[in-house]
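# Secondary and tertiary structure notes
Listed here are the chains, written in short residue letters.
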Amino acid sequence: SDQNTVRLARYRDGTILEALVELVGSDDPVLRTHDEARANAAETLFNMACSEISETTDRMANHAGLLECLAVTLRGEHTGLEVKMYCSATLRRMAEIIRHPMIAQGALLSALVKAATWTNTDCIAEAFRAQAAVPENCVIMAHHHGLLNGLSRLALTRGEGEDVEKVRMASCLAIELMSRQDEARALLSQNEGIIMALTKASYGEDQQEGDMRRSTMSELQGSVTGGFVDASGRSGTINDDGEDGRESDDDMSLQSRRIQVALKNLVSAM
């Protein structure tokens, strides 16, 4: 039951949590026979993170080294996929819970930066998105060392397929949410990777480099008048509320429009 998660978290002031962390983080080729035990430990941490009892998740968030262990495990050369899947899912869950002004937010953001190489699922990208969904988090995220670079790398993930697209889209939507805050927008606009990610998401990766440069210039010029040019070459305007002023286009999703608006706002902030 959910009450058991509190007992586990409380036991001897985190002794069980520490044992689980040590087992999950034991990335030693000599201990490959312990893969099942590591997977069980990672699953236990995930189940505890899903608890609806705040004391359980608070104790996890504040347990020294737990969040970092989850992130580092995702980069382990000798760690099985099942363990990594649970670790990424646990980080995503913790990102939905931890927010400003919780003490653990700094440790969470550092963990997400380290975990930003994980693209097998969209969990880490969605973790960034969950953080950015809270307006009070956005400026803190933008200032956090390495976060914008890590987020932009996720948004620029190479490859094809639905899973890869989910990673790119969730990352771009996290950037879009951050761009709504003035101070965060100024920092985002200075990051080359962020601008490139939104440009590719807005105009597609199939265009030639020259086309993308012209698209960006159109965005730059449109920032003065509120205009833009979409992926099909049609121009339009964006009103003061950030809404698309031209006739609705069934071929363009709402998410794509939001990303284009974000790109326009970032270029305006340059």
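Reference entry: report on the structure contained in this document.

Cut-offs applied
- Residues numbered from 1 in each chain as written.
- Predicted model: local features only at pLDDT ≥ 70, side-chain atom pairs only at ≥ 80, totals over all residues.
- Heavy atoms only, no water.
- Helix = DSSP H or I, 4+ residues; strand = E, 2+ residues; numbered from the N terminus.
- Buried < 20%, exposed > 50% of the residue type's maximum accessible area, 1.4 Å probe, protein only.
- Contact = heavy atoms within 4.5 Å.
- Areas by Shrake-Rupley, 256 points an atom, 1.4 Å probe, with all protein chains shown as cover.
- Axes fitted to C-alpha atoms, helices over the stretch in contact; angles between N-to-C directions.
- Parallel < 35°, antiparallel > 145°, perpendicular 65-115°, else oblique.
- Left-handed = near helix turned anticlockwise from the far one by under 90°.
- Phe/Tyr/Trp six-rings, centres within 6.5 Å; stacked < 30°, edge-to-face > 60°.
- Nonpolar A, V, L, I, M, F, W, Y, C, P; charged D, E, K, R; others polar.
- Salt bridge = Lys/Arg side-chain N within 4 Å of Asp/Glu carboxyl O.
- Arc of directions from axis to C-beta.
- Core = buried A, V, L, I, M, F, W, Y, C linked by side-chain atoms within 4.5 Å.

## Let's talk about the overall build of the protein
The helix and strand tally for the protein stands at 15 helices and two strands. Here the protein holds 270 residues, and 47% of them are scored as buried. Considering only residue pairs separated by 6 or more positions, the protein has 65% of its internal contacts joining residues 24 or more positions apart. Carbon and sulfur atoms make up 48% of the accessible area of the protein, which totals about 13500 Å².

## What to know about the packing of helix α10 (residues 147-155) against helix α13 (residues 192-203)
Packing of α10 against α13 leaves a shortest axis separation of 8 Å and a crossing angle of 25°. Taken together, the axis directions place α10 and α13 in an arrangement best described as roughly parallel. By crossing handedness, the relation of α10 to α13 is classed as left-handed. Contact residues: Leu148, Ser152 and Ala155 in α10; Gly193, Ile194 and Ala197 in α13.

## Structural notes on the side chain of Ser189
Tracing the sequence through the fold places Ser189 in the loop between α12 (182-188) and α13. Each residue touching Ser189, except ones within four places of it in the same chain, is listed here: Ile195, Leu266, Ala269 and Met270.

## Some words on the packing of aromatic side chains
Applying the stated criterion across every chain, the model contains one aromatic pair. The interplanar angle of 45° and the centroid separation of 6.1 Å between the aromatic rings of Phe46 and Tyr86 together place this pair among those described as tilted. Note that Phe46 is positioned in helix α3 (residues 35-49) and Tyr86 in helix α6 (residues 81-97), a separation of 40 residues in sequence.

## As for the packing of helix α8 (residues 123-132) against α10
Axis separation between α8 and α10 bottoms out at 10 Å; the angle between their running directions is 130°. On the basis of their axis angle, the class for α8 and α10 is oblique. For the crossing formed where α8 meets α10, the hand is left-handed. When α8 is examined against α10, the residues Ile124, Ala125 and Phe128 are found in contact with a partner set consisting of Leu147, Leu151 and Leu154. In terms of residue class, the contact of α8 with α10 is made up of six nonpolar, no polar and no charged.

## Re the pattern of salt bridges
Throughout the structure, instances matching the rule amount to 13 salt bridges. Between Arg10 and Glu55 there is a salt bridge whose closest N-O contact spans 2.7 Å. With a gap of 45 residues between them, Arg10 in helix α1 (residues 2-10) and Glu55 in helix α4 (residues 54-62) connect regions that are remote in the sequence. Judged by relative accessible area, which is 44%, Arg10 ranks as partly exposed. A salt bridge links Arg92 to Asp122, with the shortest nitrogen-to-oxygen separation between them at 3.8 Å.

## Quick word on helix α9 (residues 135-143)
Residues of α9 that are buried: Asn137, Cys138, Met141 and Ala142. Viewed along the axis of α9, the buried residues span an arc of 130°, placing them on a single side of the element. Turning to α9, the residues buried within the fold contact α7 (105-114), α8, α10, α11 (162-178) and α12.

## Focus on the environment of Leu154
Note that Leu154 resides in helix α10. Spatially, the C-alpha atom of Leu154 lies 8.8 Å from that of Ile124, the residues being 30 residues apart in sequence. Not counting chain neighbours up to four residues away, the residues in contact with Leu154 comprise Ala116, Trp118, Thr119, Ile124, Ala125, Phe128, Val167, Arg168 and Ser171.

## Quick word on the environment of Gly76
For Gly76, the location among the structural elements is in the loop between α5 (66-73) and α6. Distance in space between the C-alpha atoms of Gly76 and Asp28 is 9.0 Å, their sequence separation being 48 residues. Beyond its immediate chain neighbours, meaning those up to four positions away, Gly76 contacts Asp27 and Lys84.

## Points about the side chain of Ser88
Within the secondary structure, Ser88 is located in helix α6. Exposure remark for Ser88: the relative accessible area of 1% places this residue in the buried category. When neighbours within four sequence positions are excluded, Ser88 is seen to be in contact with Leu74, Trp118, Thr121, Cys123 and Ile124.

## Brief notes about the nonpolar core
Residues Leu91, Ile124, Phe128 and Met178 are the most contacted members of the largest nonpolar core, which totals 69 residues. In terms of residue count, the dominant contributor to this core is α11 (nine residues). Residue contacts for Met178: discarding those within four places in its chain leaves Ala132, Cys138, Met141, Ala142, Leu147, Leu148, Leu151, Ala184, Arg185 and Leu188.

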